[in-house]
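# What the coordinates show
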Amino acid sequence: GENVEQHPSTLSVQEGDSAVIKCTYSDSASNYFPWYKQELGKGPQLIIDIRSNVGEKKDQRIAVTLNKTAKHFSLHITETQPEDSAVYFCAAPQAPSNTGKLIFGQGTTLQVKP
Amino acid sequence: DAEITQSPRHKITETGRQVTLACHQTWNHNNMFWYRQDLGHGLRLIHYSYGVQDTNKGEVSDGYSVSRSNTEDLPLTLESAASSQTSVYFCASSGTGLETQYFGPGTRLLVL
């Protein structure tokens, strides 16, 4: 069945270092890949998304890359800051892709040490 | 500004009681979703709706029901609460088609 695998489950970095979180998906027809950030006690918030017609998208310190051939996409955070500490979720459409439903990865807990 | 709200934010109930969690969005979105979040399971879809009078089961729908009488609201009802339904519940909404889902702040439910 459809699946989204997310790695690593936890990630600890020093402030100023980069962090990379990777997700793989199983449905080759998937064409929309959002990333959400969830701070403690809050709901997930969209931070960046990418559609399958581009390979990379950047927004200040965050970027997402997509490799459709390998069916994986990654979140890159550069110059990490303590406020980047949160749980990050990737997602991909649940087939068929136009239903609006998403399948979420298991989440990555990012800790940025000052 | 448009937003999505959930109430109550925290709820303690007893096994066997009926519980209703409210979700209200002012985005005028057609699509609304209910998820539960548990450690080790991420976000799992309970029920969803594509518009007024439309409701559909998600992957973990047993013991839950929803109704959609207007565009803004999708209440989630636990017919007879069980301890296994202790969780954090999130409501989300999106426009028609494959659009960004916007999440509410969540309801933390404890079933004793």
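This text gives an overview of the structure that appears in the document. Given the structure is predicted, the values throughout are model-derived calculations rather than measurements.

## Let's talk about the overall build of chain A
Counting its secondary structure elements, chain A contains 0 helices and 11 strands. Along the chain direction, N to C, the helices and strands of chain A fall in the order β-β-β-β-β-β-β-β-β-β-β. Relative to the globule expectation of 13 Å for 114 residues, the C-alpha radius of gyration of chain A, 14 Å, shows essentially globular dimensions. Burial analysis of chain A (114 residues in total) assigns 46% to the buried set. Across chain A, the fraction of contacts at a sequence separation of at least 24, relative to all contacts at a separation of at least 6, is 54%. Here chain A has roughly 5,500 Å² of accessible surface; of this, 47% comes from carbon and sulfur atoms. In chain A, 11 side chains carry a positive charge and 12 a negative one; their mean positions are 5 Å apart.

## Side note on the overall build of chain B
Secondary structure summary: chain B contains 0 helices and 11 strands in total. Its C-alpha radius of gyration of 13 Å places chain B within 12% of the 13 Å reference for a compact globule of 112 residues. Across the 112 residues in chain B, those meeting the buried criterion constitute 50%. For chain B, the share of sequence-separated contacts (at least 6 apart) that also reach a separation of at least 24 residues comes to 54%. The positive charge centre, built from 8 side chains, and the negative charge centre, built from 11, are 9 Å apart in chain B.

## A word on a nonpolar patch on the surface
A surface patch of nonpolar side chains, amounting to about 310 Å² of accessible area, comprises Ile 12, Leu 110 and Leu 112 of chain B. Relative to the helices and strands, Leu 112 of chain B resides in the segment after β11 (107-111).

Rules behind the numbers
Residues numbered from 1 in each chain as written. Chains lettered and ligands numbered in written order. Predicted model: local features only at pLDDT ≥ 70, side-chain atom pairs only at ≥ 80, totals over all residues. Heavy atoms only, no water. Helix = DSSP H or I, 4+ residues; strand = E, 2+ residues; numbered from the N terminus. Rg over C-alpha atoms; globule rule 2.2 N^0.38 Å. Buried < 20%, exposed > 50% of the residue type's maximum accessible area, 1.4 Å probe, protein only. Contact = heavy atoms within 4.5 Å. Areas by Shrake-Rupley, 256 points an atom, 1.4 Å probe, with all protein chains shown as cover. Lys, Arg positive; Asp, Glu negative; His and termini not counted. Charge placed at Lys NZ, Arg CZ, Asp CG, Glu CD. Patch = residues over 30% accessible without salt bridge, like charges linked within 9 Å, V, L, I, M, F, W, Y side chains within 5 Å. Salt bridge = Lys/Arg side-chain N within 4 Å of Asp/Glu carboxyl O.

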